[in-house]
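Below are the chains, spelled out letter by letter.
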Amino acid sequence: MPSVKLPRKSTDTDMTPFVDVAFLILSFFMLATKFKPPEPVEITTPGSVNSSKLPESNAVMIIVDSANRVFFSVLSDKDPGKLDAVIQDINATRSLNLSNAEMANYRQTFAVGLPFGNLKQLLNLDPKEQAKLPVPGIPVLDSATNELVWWISAAKKAFAGETLKYLIKGDAKSKYPTFEAVISALKRNDEFKYNLVTALDDIPSGSEMDKYNQKNIKEQ
Amino acid sequence: MSSIDVAAGESGHKKGPGVKKAKKLSTRVDMTPMVDLGFLLITFFIFTTTMTTPTTLDLNMPKDIKDEKEQTEAKESGVLSIMLGKGDQVYYYEGKLTVDAAGSNFKQTTFKGIRKVIIDKKKEVIGRHVHDETCKKTQDRAKAAKDPDWETACADRDFVVIIKPSEDATYKNTVDILDEMTINRARTYAMVKILKEEVELIKATEASAGIK
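My aim in this report is to walk through the structure given alongside it, one point at a time. (Residues numbered from 1 in each chain as written. Chains lettered and ligands numbered in written order. Predicted model: local features only at pLDDT ≥ 70, side-chain atom pairs only at ≥ 80, totals over all residues.)

### Remarks on the overall build of chain B
Counting its regular elements, chain B contains six helices and eight strands. The 212 residues of chain B split such that 23% are buried. Long-range pairs, those at least 24 residues apart, make up 64% of the contacts in chain B between residues at least 6 apart in sequence. (Helix = DSSP H or I, 4+ residues; strand = E, 2+ residues; numbered from the N terminus. Buried ≥ 20, exposed ≤ 12 C-beta atoms within 10 Å, placed from the backbone. Contact = placed C-beta atoms within 7 Å.)

And the structure:
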């Protein structure tokens, strides 16, 4: 009987399509990635149905973390000179006696979460070392010693004549009184419009907002 | 290019007994290390990427007005007061707070339940709406702004929500209730300080319901 010889198949598979897809995904992630800016604390923002974009420059960001500590930072990618103006103003109005080198260091400091008394100590440190310093947060709760008022007024002066947005980035677990104190500090500077940083939530279907949006789409 | 081809044609293909044939090398390259590296990078980018783009919720606060005469008045029948308490609890009452022997209108609910309360109250207020001259102006303005809801632009003008977060409310609660205003399209709402008697009522409810 003639035996049927099965052709021996190679175990090698052609990996080319696989590699193609892998690199496609890789390039997608490389382009889509936006690195998180360094932050002193991890913040979990609450969700909201609002979908307006976050301004990235010309903004003041006030961070409230889960332990109700308040941080202040100025976002000015285009013009770092604004940061110098802020710290110079703080130095002058609060007479902190900061040296020029210390003030120059403020550019590298992402967010300040200290009372004015500890600011000199913070700015004396190398930016990499700053994270090790304990951060009690900017005092806000007592209206007489609400130091955030000074920070905001300094930022307002630095950005005079330009649009300046006030971002409030609060942790979902932070308590309301701190938020209220932040608002009151802004109010004392005659600022009444704020942007609360949130993550995007879906609009519940069937709600008034949902119906309104659909109507809007139809009309267009 | 062509010059190179010519040169290769002259010297490259000598045939004869003394010429060794070059070994044909396979054109296949082992791609395994490349794939390894590729996937390593993919995992790296997956972990570092932030997919949830942050958005912002706009909040406009009024200026503090000390003079009572200048403060905005709201019709009592159209007011819904919402208080935020401990443990994601929501308390509310319609109109004026009345606590007496006959009963109280102070009620307790959750964030899930408050939506229905808001919708119902809004419907009730719209049902009582009387059309007048100023109403027409509001409608015209909405029409000019291309608001698809211009017909009802004025019907809910008496509907006012007052939000009063207590000291125990979290920031998430505050954002959630503001969000609820957007979801239910409550046009007029204000965030004000909670009153002492309201705090006491919340404390009493918390104690009896065992909310921590």
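### Some thoughts on the environment of Thr198(A)
Looking at the secondary structure, you find Thr198(A) in strand S6 (residues 193-200). Residues Thr198(A) and Val86(A), 112 residues apart in the sequence, show an inter-C-alpha distance of 26 Å. Not counting chain neighbours up to four residues away, the residues in contact with Thr198(A) comprise Thr45(A), Pro46(A), Gly47(A), Ser48(A), Asn50(A), Thr55(B), Thr56(B), Leu57(B) and Val175(B).

### Regarding helix H5 (residues 148-158) of chain A
Residue and element names in this part refer to chain A. Buried residues of H5: Leu148, Trp151, Ile152, Ala154, Ala155 and Ala158, and no others. Down the axis, H5 shows its buried residues gathered within 160° of arc, on one side only. On its buried face, H5 is in contact with strand S3 (59-64), strand S4 (70-75), helix H2 (81-93) and helix H6 (176-188). (Arc of directions from axis to C-beta.)

### Let's talk about the pairing of strand S5 (residues 165-170) of chain A
Residues and elements named next belong to chain A. In terms of burial, S5 is largely enclosed, as six of its six residues are buried. Alignment of S3 against S5, held across six bridges, turns out to be parallel. From the neighbouring strand, Val64 faces S5, where its bridge partner is Gly170. Of the pairings in the sheet, the one linking S5 to S6 comprises two bridges and is parallel in character. Bridge pairing in S6 places Ile168 opposite Leu196. With respect to chirality, the unit in which S5 leads through H6 into the neighbouring parallel S6 is right-handed. (Pairing = 2+ DSSP bridges. Right-handed = clockwise from strand over helix to strand, strands pointing away.)

### A closer look at the packing of H5(A) against H6(A)
All names here are of chain A. Relative orientation of the contacting elements H5 and H6 amounts to 45°, with a least axis distance of 9 Å. Put simply, H5 runs oblique to H6. The element H5 and its partner H6 pack so that their crossing is right-handed. Contacts between H5 and H6 pair Leu148, Val149 and Ile152 from the former with Val182, Ala185, Leu186 and Arg188 from the latter. Among the residues forming the contact of H5 with H6, the class breakdown is six nonpolar, no polar and one charged. (Axes fitted to C-alpha atoms, helices over the stretch in contact; angles between N-to-C directions. Parallel < 35°, antiparallel > 145°, perpendicular 65-115°, else oblique. Left-handed = near helix turned anticlockwise from the far one by under 90°. Nonpolar A, V, L, I, M, F, W, Y, C, P; charged D, E, K, R; others polar.)

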